[in-house]
Amino acid sequence: MIPLLDIRGLRKHYSITRRGLIGRRQTRTVRAVDDVSFVLQAGQTLGLVGESGCGKTTTARSILDLVQADAGEIRLDGTDVRPILAGTDRAAMLAVRRRMQYVFQDPYLSLNPRWTINEALREPYRAHAPQDDREWDGRIAALLETVGLEPRNGVRYPHEFSGGQRQRVGIARALAVEPDVVLLDEPVSALDISVRAQILNLLASLQDRLGVAYVYISHDLSSVRFISTHVAVMYLGRIVEIGAVDEIFARPRHHYTAALISAIPVPSPGAVDRRVHLRGEVPSAMNRPSGCPFHPRCAAALPICREQDPTLQRMGTGTQAACHNPT
Ligand SMILES: Nc1ncnc2c1ncn2[C@@H]1O[C@H](COP(=O)(O)OP(=O)(O)OP(=O)(O)O)[C@@H](O)[C@H]1O
Ligand code: SF4
Ligand SMILES: [Mg+2]
């Protein structure tokens with residue numbers, strides 16, 4: 001079966017030029033996204049996890065061509081859309097853009113404060129299906145209801161809404177053009193804990209109804225476990241483990257995944273703490289350690305780990321991990 005979304009060898013490096021101590025210009029490379037590949041089918045959710053700076057946002061923004069990838073393919077239903085997104089055929093480009101939408105961590109930053117919610121929701125229709133505005137009024141009202149907002153509130157401005165309500169507007173805006181894939185970049189981390197579950201439930205029920213696929217970016221593994229069918233763990237620009245959510249949580253094979261999962265807070269106060277604590281800071285994406293980039297922090301590191309960079313291998317449990325000495 002041809003995957004809905006098939007990402008192959010996605011790469012985005014940044015060159016940073018700085019003046020060194022003796023005034024000489026030094027150019028360093030930040031490998032923000034390095035050979036990232038995954039597939040996603042309709043109705044599935046891939047949770048993209050990893051510490052700050054590991055390349056989650058750059059991956060999402062490269063898929064949407066909001067930043068231009070250096071290499072790789074972004075296949076939608078088997079067709080690489082990167083040449084279309086970079087090409088001059090505006091109609092073809094808009095048709096691809098309509099199919100992939102983005103939800104920001106803080107929708108306040110993406111909503112024009114001078115526009116009412118109705119105006120904000122009319123914008124995607126104007127861009128993607130320019131027709132009589134009145135025709136869309138009914139759709140906008142239905143859309144607001146879909147995300148649990150009263151249509152009569154559409155005349156209000158973003159600042160008049162709570163964080164959770166604004167995120168509902170952000171989700172409505174992404175869904176307006178009936179996309180196939182929505183990339184959700186930390187969609188609940190700016191919200192109060194009490195509101196997070198409501199938004200996650202909304203996302204899950206919308207997926208059941210609409211069959212939309214999600215890429216769900218988060219630091220919070222509990223929410224990833226709740227909403228995802230699959231998980232990809234990123235470390236310094238690479239996917240180090242990927243597989244079905246139940247497999248990854250039941251038996252993580254990469255030591256970084258194991259450490260992240262064991263760091264999820266223990267819910268019961270009397271429970272035994274079996275956490276594998278992550279040692280040290282995440283290294284800079286500019287100074288990736290040799291061999292396995294996780295080796296300076298890994299308690300299971302072997303001599304080979306300092307020299308040879310492991311590639312993703314099937315682990316027998318259905319997951320793939322890049323590790324010389326899996327758990
Ligand atoms: N425009 C840019 N110029 C240079 N470096 C960048 C740029 N954008 C991102 N980076 C670097 O690329 C790496 C990946 O950044 P990215 O924002 O994708 O990480 P992230 O996983 O989304 O982190 P967070 O969890 O903090 O949002 C980081 O080292 C970051 O500093
Ligand atoms: S390859 Fe080696 S250093 Fe890297 S996670 Fe596996 S055991 Fe640890
Ligand atoms: Mg980010």
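Read on for a plain summary of the structure. All residue numbers refer to position in the chain's written sequence, counted from 1. All chains are assigned letters beginning at A, and all ligands numbers beginning at 1, according to the order in which they are written. Note on the predicted model: pLDDT of at least 70 is required for a residue's local features to be given, and 80 or more for side-chain atom pairs to be given and counted; whole-chain, interface and lining totals, by contrast, use all residues.

Comments concerning the overall build of the chain
Inference 1: Working definition: helices are DSSP H or I runs of at least four residues, strands are E runs of at least two. Numbering for both runs from the N terminus. Along its length, the chain carries 12 helices and 12 strands.
Inference 2: Values of the radius of gyration come from C-alpha atoms, whereas the globule rule sets the reference at 2.2 Å times the count of residues to the power 0.38. At 21 Å, the chain has a C-alpha radius of gyration in line with the 20 Å of a compact globule built from 327 residues.
Inference 3: Referenced to the eigenvectors of the C-alpha coordinate spread, the extents of the chain come out at roughly 70 × 55 × 50 Å.
Inference 4: Residues counted as buried form 38% of the 327 residues belonging to the chain.
Inference 5: Placing C-beta atoms from the backbone, we regard two residues as in contact once those atoms come within 7 Å. Taking as baseline every contact in the chain between residues at least 6 positions apart, the subset at least 24 positions apart corresponds to 65%. Field definition: a residue is buried when 20 or more other C-beta atoms are found within 10 Å of its C-beta, exposed when 12 or fewer are, and partly exposed for counts in between, with C-beta atoms placed from the backbone.

Observations regarding helix α7 (residues 163-175)
Inference 1: Take the residue count of a helix, subtract one, and multiply by 1.5 Å to get its expected span. For α7, with 13 residues, the first-to-last C-alpha span of 18 Å sits near the 18 Å given by 1.5 Å per residue.
Inference 2: Summarising burial for α7: 11 of the 13 residues are buried, a large majority.

Some remarks on the sheet that holds strand β2 (residues 25-40)
Inference 1: Here, a strand pair is defined by DSSP locating no fewer than two bridges between the strands. Across the sheet, which stays open at both edges, the four strands sit in the order β2-β1-β4-β5 with antiparallel pairing between neighbours. The sheet is open, and its two borders are formed by β2 and β5 (79-80), each paired with just one other strand.
Inference 2: When strand β4 (residues 71-76) meets β5, the two strands line up antiparallel, connected through two bridges. Paired with L76 across the strands is T79, a residue of β5.

Overview of the sheet that holds strand β10 (residues 238-244)
Inference 1: Within the open sheet, the eight strands sit side by side as β6-β7-β8-β3-β9-β10-β12-β11. Their pairing is mixed. With one partner strand each, in any of the chains shown, β6 (100-103) and β11 (313-314) form the two edges of the open sheet.
Inference 2: As defined by bridge partners, β10 adjoins strand β12 (residues 320-321) across two bridges and the pair is classed as antiparallel. Each bridged residue has a counterpart across the sheet, and for I242 the counterpart in β12 is Q320.
Inference 3: α7 rests against β6 and β7 (181-185) of the sheet, and its axis sits at about 170 degrees to β6. Geometry is summarised by axes, namely lines fitted to C-alpha atoms with helices restricted to the contacting stretch, and by angles between N-to-C directions that run from 0 to 180 degrees.

Observations concerning the site of ligand 2
Inference 1: Proximity of a residue to a molecule or strand is defined by its backbone-placed C-beta atom lying within 6 Å of that partner. Taken together, the neighbourhood of ligand 2 is formed by 14 residues, with C292, C298, C305, C323 and N325 sitting nearest.
Inference 2: For the shell around ligand 2, a count of residues per class yields nine nonpolar, five polar and no charged. Residues are grouped as follows: Ala, Val, Leu, Ile, Met, Phe, Trp, Tyr, Cys and Pro are nonpolar; Asp, Glu, Lys and Arg are charged; all remaining types, including Gly, are polar.

Quick notes on the nonpolar core
In globular proteins that are soluble, nonpolar side chains generally tend to be buried together.
Inference 1: We define the nonpolar core as any set of buried residues of the types Ala, Val, Leu, Ile, Met, Phe, Trp, Tyr and Cys, connected via C-beta atoms lying within 7 Å of each other. The biggest cluster of nonpolar side chains holds 76 residues, and the ones touching the most others in it are A172, V181, L183, V215 and V233.
Inference 2: With residues up to four places along the chain from it excluded, the contact list for A172 reads L121, L143, L144, T146 and V147.

Looking at the environment of A301
Inference 1: Mapped onto the elements of the fold, A301 is located in the loop between α11 (255-262) and α12 (303-307).
Inference 2: Along the sequence, A301 and H255 sit 46 residues apart, while their C-alpha atoms lie 9.2 Å from each other.

A word on the site of ligand 1
Inference 1: Neighbouring ligand 1 are 13 residues; A32, S52, K56, T57 and T58 lie closest to it.
Inference 2: Of all elements in the fold, only β1 (5-19), β2 and α1 (56-63) reach the threshold of two or more residues within the shell around ligand 1.
Inference 3: Per element, the largest residue contribution to the shell around ligand 1 is three residues, and it comes from α1.
Inference 4: Residues that form the shell around ligand 1 fall into these classes: six nonpolar, six polar and one charged.

Here we look at the packing of α7 against helix α8 (residues 193-210)
Two quantities define a packed helix pair, namely the angle between the axes and the distance from one axis to the other.
Inference 1: With their axes 10 Å apart at the nearest point, α7 and α8 run at an angle of 20 degrees to one another. Taken together, α7 and α8 sit at an angle that is classed as roughly parallel. As for how α7 packs across α8, the hand of that crossing is right-handed. Contact with α7, carried on its side by G163, G164, Q167, R168, I171 and L175, involves V195, Q198, I199, L202 and L206 of α8 and no other residues of that element.
Inference 2: Split by residue class, the contact of α7 with α8 holds six nonpolar, four polar and one charged. Any angle between 65 and 115 degrees counts as roughly perpendicular, while under 35 counts as roughly parallel, over 145 as roughly antiparallel, and the rest as oblique. Rotating anticlockwise by less than a right angle from the far helix to the near helix defines a left-handed crossing, while the corresponding clockwise rotation defines a right-handed one.

Side note on the pairing of β4
Inference 1: When β1 meets β4, the two strands line up antiparallel, connected through five bridges. Residue pairing for β4: D6 is matched across the bridge by R75.

Digging into the environment of P83
Inference 1: Its place among the elements puts P83 in helix α2 (residues 82-86).
Inference 2: Once the C-alpha coordinates of P83 and E73 are considered, the two residues, 10 residues apart in sequence, prove to be 9.2 Å apart.

A few points about the pairing of β1
Inference 1: Two strands pair when backbone bridges link them, and β1 and β2 are joined in this way by 13 bridges, in the antiparallel orientation. Paired with R19 across the bridge in β2 is R25.

Remarks on unusual backbone geometry
Inference 1: Phi is positive for D65, close to 65 degrees, though the residue is something other than glycine.
Inference 2: Looking at the secondary structure, you find D65 in the loop between α1 and β4.
Inference 3: Phi at L236 is positive, roughly 45 degrees, even though this residue is not glycine.
Inference 4: Within the element layout of this structure, L236 appears in the loop between β9 (230-235) and β10.
Inference 5: On the basis of neighbour count, L236 is assigned to the buried category, with 25 C-beta atoms found within 10 Å.

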